[in-house]
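Each chain, letter by letter, is given below.
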Amino acid sequence: MTALTVHAMPGCESQAHAMAASLSVPVHAVDLHTFPDGESFVTMKPVSGTAAMFCSLDRPNERLIDLLLAANALRDNGAARL
């Protein structure tokens, strides 16, 4: 079995910590920087194994692009499964 980590998008940290605690797995914050022109830049620590994203989609039009960028960053940083 591969290691599982939870990755919390900004604004979802408390819920992600609660879920990770119930699963006894580590949680990491996704760093999201938004430039003045609206462009987003996502950074995160290297990861291995399985990565679970935690993101509220209460305002999906505002959050989907950042979620997709974060998922791509997880893959680029070594996640075997998302």
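Located above this text is the structure these notes cover.
Residues numbered from 1 in each chain as written. Predicted model: local features only at pLDDT ≥ 70, side-chain atom pairs only at ≥ 80, totals over all residues. Heavy atoms only, no water.

Q: Where do I start with the side chain of Thr-5 in this structure?
A: The topology assignment puts Thr-5 in strand β1 (residues 4-8). Looking at Thr-5, its side chain comes within polar contact range of the side chain of His-7, at 2.8 Å. Residues within four places of Thr-5 in sequence aside, it is in contact with Pro-26, His-28, Val-47, Thr-50, Ala-51 and Ala-52. (Helix = DSSP H or I, 4+ residues; strand = E, 2+ residues; numbered from the N terminus. Polar contact = N/O pair within 3.5 Å; in protein donor to acceptor, adjacent residues only side chain to side chain. Contact = heavy atoms within 4.5 Å.)

Q: Help me understand the environment of Arg-75 in this model?
A: With respect to the secondary-structure elements, Arg-75 resides in helix α2 (residues 60-76). The exposure class of Arg-75 is partly exposed, given its relative accessible area of 42%. In sequence terms Arg-75 and Asp-58 are 17 residues apart; their C-alpha atoms lie 25 Å from each other. For Arg-75, the residues in contact, after removing those within four places along its chain, are Ala-80, Arg-81 and Leu-82. A polar contact of 3.3 Å, which involves the side chain of Arg-75, links it to the backbone oxygen of Ala-80. (Buried < 20%, exposed > 50% of the residue type's maximum accessible area, 1.4 Å probe, protein only.)

Q: Would you take a moment to explain the pattern of salt bridges for this structure?
A: Applying the stated criterion to the full structure yields three salt bridges. Asp-58 serves as the salt-bridge partner of Arg-59, at 3.3 Å between the closest nitrogen and oxygen. Among the charged side chains, a network of salt bridges with common partners joins Asp-58, Arg-59, Glu-62 and Arg-63. (Salt bridge = Lys/Arg side-chain N within 4 Å of Asp/Glu carboxyl O.)

Q: It is not clear to me how the sheet that holds β1 should be interpreted in this structure. Could you clarify?
A: In any sheet, the strands associate via hydrogen bonds between backbone groups, in a parallel or an antiparallel arrangement. Read from one edge to the other, the open sheet built from three strands follows the order β2-β1-β5, with strand pairing classed as parallel. The open sheet terminates on both sides in strands that have one partner only, identified here as β2 (27-29) and β5 (50-54). The average undirected angle you get between the axes of adjacent strands in this sheet is 30°. As defined by bridge partners, β1 adjoins β5 across five bridges and the pair is classed as parallel. By the bridge assignment, His-7 is partnered in β5 with Met-53. Here helix α1 (residues 13-23) sits on the sheet and contacts β1, β2 and β5; the angle it forms with β1, its principal contact strand, is near 170°. (Pairing = 2+ DSSP bridges. Axes fitted to C-alpha atoms, helices over the stretch in contact; angles between N-to-C directions.)

By themselves, these observations are geometric and do not establish any function.
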